[in-house]
Amino acid sequence: MTENHTPPPRKAGRAALMIVAVIAAMIVAIFVGFNFYHADTLRERQSGQVDRRDGPKSRTDLQKLPALRQ
């Protein structure tokens, strides 16, 4: 039975290795990108500089502080 067995071509092994390497690189790139985004957002929030897109959208938006009456 082992006499008829032939190993797969070397190019198939290299192709599989390349696919695994590309997937691993994509996972690492996404992880690093999310970490940079999180660090930037955290820095903004800690400095008190909030992105305009996160601000109130209308006069009745609950993100807005109530106006002080004098």
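Below is a short write-up of the structure. Model, not experiment: these values are computed from the prediction.

## Topic: the overall build of the protein chain
And then number 1: Check the secondary structure of the protein chain and you find one helix and zero strands.
And then number 2: Classification of the 70 residues of the protein chain by burial places 4% in the buried group.
And then number 3: With an accessible surface of roughly 7,600 Å², the protein chain has 63% of that area assigned to carbon and sulfur atoms.

## Quick word on the pattern of salt bridges
And then number 1: Using the criterion set out here, one finds one salt bridge in the structure.
And then number 2: Across the pair Asp40 and Arg43 runs a salt bridge whose closest N-O atoms are separated by 3.6 Å. With Asp40 and Arg43 both in helix α1 (residues 10-47), this residue pair falls three residues apart, about one helical turn.
And then number 3: Since its relative accessible area comes to 38%, Asp40 is described here as partly exposed.
And then number 4: Residue classification places Arg43 among the exposed positions, given a relative accessible area of 53%.

## Quick look at the side chain of Thr41
And then number 1: Assignment of secondary structure puts Thr41 in helix α1.
And then number 2: For Thr41, a relative accessible area of 17% gives the class buried.
And then number 3: Engagement of the side chain of Thr41 in a polar contact is seen with the backbone oxygen of Tyr37, the distance being 2.9 Å.

## Topic: α1
And then number 1: Here α1 is 38 residues long and its end C-alpha atoms lie 56 Å apart, about the 56 Å a rise of 1.5 Å per residue gives.
And then number 2: At the exit of α1 stands Gly48, carrying a positive phi of roughly 90 degrees.

Parameters at a glance
- Residues numbered from 1 in each chain as written.
- Predicted model: local features only at pLDDT ≥ 70, side-chain atom pairs only at ≥ 80, totals over all residues.
- Heavy atoms only, no water.
- Helix = DSSP H or I, 4+ residues; strand = E, 2+ residues; numbered from the N terminus.
- Buried < 20%, exposed > 50% of the residue type's maximum accessible area, 1.4 Å probe, protein only.
- Areas by Shrake-Rupley, 256 points an atom, 1.4 Å probe, with all protein chains shown as cover.
- Salt bridge = Lys/Arg side-chain N within 4 Å of Asp/Glu carboxyl O.
- Polar contact = N/O pair within 3.5 Å; in protein donor to acceptor, adjacent residues only side chain to side chain.
- Expected span 1.5 Å × (residues − 1).

Without other data, these values stay purely geometric and don't point to any function.
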